[in-house]
Amino acid sequence: MADHPQSFLPGASLSYVSPTRQSAWGTYLAQVDRVLPYMGDLARWSGTLQRPKRVLIVDVPIEMDDGSIAHFEGYRVQHSLSRGPGKGGVRYHPDVTLEEVMALAAWMTIKNAAVNLPFGGAKGGIRLDPKQLSQRELEKVTRRYTSEIGIIIGPQRDIPAPDVNTNGQIMAWMMDTYSANVGATATGVVTGKPISLGGSLGRVKATGRGVFVTGREAMRRLKLPMDGARIAIQGFGNVGANAAELFAQSGAKVVAVQDHGGGVYNDNGLDVPALTAHVLEKGSVAGFRGGEVLGLEEFWDAKVDVIIPAALEGQITEARAERLRASLVLEAANGPTVPGADDILAARGVTVLPDVICNSGGVIVSYFEWVQDFSSFFWSEEEINLRLDKIITGALAHIWATCERHGFSLRTGAFVVACERILQARNERGLYP
Ligand code: GLU
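Residues numbered from 1 in each chain as written. Predicted model: local features only at pLDDT ≥ 70, side-chain atom pairs only at ≥ 80, totals over all residues. Heavy atoms only, no water.

So, the sheet that holds strand 5 (residues 121–127): which residues are in play, and what are the values?
Read from one edge to the other, the open sheet built from four strands follows the order 1-2-5-4, with strand pairing classed as mixed. Only two strands of the sheet have a single partner each, and these edge strands are strand 1 (54–63) and strand 4 (90–93). Averaged over neighbouring strand pairs, the angle between their axes works out to 20° when direction is ignored. Pairing of strand 4 with strand 5, which is carried by four bridges, proceeds in the parallel orientation. Opposite tyrosine 92, over in strand 5, you have isoleucine 126 as the bridge partner. (Pairing = 2+ DSSP bridges. Helix = DSSP H or I, 4+ residues; strand = E, 2+ residues; numbered from the N terminus. Axes fitted to C-alpha atoms, helices over the stretch in contact; angles between N-to-C directions.)

Right, here's the structure in full:
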């Protein structure tokens with residue numbers, strides 16, 4: 001399907017972005033359009049979903065190691081604060097744009113409501129390639145960015161967390177900078193922190209664990225045996241690698257893995273711990289000796305039962321949706337499937353477990369971290385994992401039942417459940433003035 005200009009997208013009348021059907025914000029708007037007919041009287045609040053509440057664009061200047069001054073563009077978007085403070089990660093990537101961050105913020109609103117966390121949705125990002133920066137430069141960018149967005153974040157206002165190319169160290173710098181600016185240690189301003197600074201046990205692996213748990217539940221319902229299930233994973237970062245480990249431990253075979261550097265394939269199942277060690281050392285799955293080289297497009301043709309996009313948006317295009325051989329797609333990434341591909345997969349009988357539930361494990365444990373920071377009372381890892389399992393399986397069961405009752409796809413069902421909660425809150429709060 002060809003890209004359509006902004007005017008073809010209902011509700012997309014913002015002056016500052018030009019989404020297309022394939023772009024992240026365009027994908028999000030199309031997903032919202034599908035559920036508005038089911039919102040009844042609440043549909044009068046639809047504009048709440050179709051535009052972000054607050055957008056902040058900041059200039060992030062730093063002195064580089066060579067003495068030059070570099071300027072980076074940073075964003076923090078608060079899509080909705082109707083159900084609570086903003087919540088969502090910060091991404092460092094050379095392709096980050098305002099439009100992308102808007103979509104990622106909006107998906108956080110939907111995700112937090114779908115699993116019923118008391119948060120709105122937000123996201124941040126800086127357009128940079130972290131591989132081009134030294135540790136010192138990365139720290140300076142992080143601290144200056146935190147200071148610039150300090151006017152809208154805070155433990156009760158908006159709570160950042162890790163996302164693509166950000167981690168516990170970056171969260172520690174963010175917490176320290178915010179704390180220095182407000183004159184008090186504010187651990188609850190970010191989640192995904194190191195344990196020594198008020199981080200939560202289980203947070204690092206939480207997103208991958210959530211992908212595994214929701215995948216396991218979906219497979220059980222679809223009568224797809226875990227033992228020997230063939231799995232392909234795109235992206236082998238924190239999320240992809242941890243999900244791979246749990247699937248492999250449960251008897252599934254991770255046969256194909258692709259990342260930014262290349263792809264590997266092993267018909268008998270890749271040795272996941274060995275692959276993880278390789279990636280830690282070399283930065284990519286490329287060159288791993290425990291499998292054959294797998295070409296960029298060949299990855300989508302692999303004979304698998306389950307495919308897990310765990311990288312960036314827009315990866316499952318219409319053309320790839322026609323080809324892929326899995327019967328289940330687990331969206332570990334945010335926004336990996338474009339709307340046209342969703343239709344093709346549905347017509348082909350492929351089940352898509354949408355991002356807003358599949359990858360919600362990260363923000364669920366972020367919520368636990370935030371609660372623990374407030375009470376300064378910390379839970380055991382066992383307790384965290386149990387509570388995560390309970391929330392995510394409960395949310396999935398509710399969405400699955402809604403879909404069976406109304407004949408929705410899982411994405412539409414998740415959006416219906418979430419949007420009802422968001423618009424209900426919006427309606428009850430009413431308009432000021
Ligand atoms: N970046 C993660 C996500 O996309 C986690 C966000 C959070 O923990 O706030 O869901």
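Structure's up, so let's keep going.
Describe the packing of helix 12 (residues 361–375) against helix 13 (residues 381–406), with residues and values.
Relative to each other, helix 12 and helix 13 sit at 125°, their axes nearing to 10 Å. With respect to each other, helix 12 and helix 13 are oriented oblique. Relative to helix 13, helix 12 is oriented so that their crossing is right-handed. Judged by residue contacts, Gly361, Ile364, Val365, Phe368 and Gln372 of helix 12 engage Ile384, Arg387, Leu388, Ile391 and Ile392 from helix 13. Residues belonging to the contact of helix 12 with helix 13 are distributed by class as follows: seven nonpolar, two polar and one charged. (Parallel < 35°, antiparallel > 145°, perpendicular 65-115°, else oblique. Left-handed = near helix turned anticlockwise from the far one by under 90°. Contact = heavy atoms within 4.5 Å. Nonpolar A, V, L, I, M, F, W, Y, C, P; charged D, E, K, R; others polar.)

I'd like a description of the environment of glycine 150, backed by residues and values.
Turning to its location among the elements, glycine 150 is positioned in the loop between helix 4 (135–149) and strand 6 (158–159). Along the backbone, glycine 150 and valine 189 are 39 residues apart, and their C-alpha atoms lie at a distance of 9.9 Å.

Go over the pattern of salt bridges with me, naming the residues and quoting the values.
Here the structure, examined in full by the defined rule, presents 27 salt bridges. For glutamate 73, the salt bridge is made with arginine 127, and the minimal N-O distance between the two is 3.5 Å. In this pair, glutamate 73 is assigned in strand 2 (residues 69–80) and arginine 127 in strand 5, connecting sequence segments 54 residues apart. On the accessibility criterion, glutamate 73 (34% relative accessible area) is partly exposed. In this structure, the salt-bridge partner of glutamate 331 is arginine 411, at a minimum N-O distance of 2.9 Å. Within this pair, whereas glutamate 331 is found in the loop between strand 12 (328–330) and helix 10 (339–347), its partner arginine 411 is found in helix 14 (residues 410–429), the two being separated by 80 residues in sequence. The class of glutamate 331 is buried, set by a relative accessible area of 0%. Judged by relative accessible area, which is 6%, arginine 411 ranks as buried. (Salt bridge = Lys/Arg side-chain N within 4 Å of Asp/Glu carboxyl O. Buried < 20%, exposed > 50% of the residue type's maximum accessible area, 1.4 Å probe, protein only.)

Go over unusual backbone geometry, please, and point to the residues and values.
Cis geometry is found at the peptide bond from tyrosine 432 to proline 433, where omega equals 5°. When you line up the elements, proline 433 lands in the segment after helix 14. A positive phi angle, close to 65°, is found at asparagine 165, a residue other than glycine. Along the polypeptide, asparagine 165 turns up in the loop between strand 6 and helix 5 (168–182).

Break down the nonpolar core for me, with residues and values.
A general feature of soluble globular proteins is that nonpolar side chains tend to end up buried together. Counting residues in each nonpolar core, the largest one holds 94 residues, and the members touching the most others are Tyr28, Phe247 and Ile308. Here this core takes twelve residues from helix 3 (residues 98–114), the largest share from any one element. Filtering out sequence-adjacent residues up to four positions away, tyrosine 28 remains in contact with Leu49, His79, Ala106, Trp107, Ile110 and Phe415. (Core = buried A, V, L, I, M, F, W, Y, C linked by side-chain atoms within 4.5 Å.)

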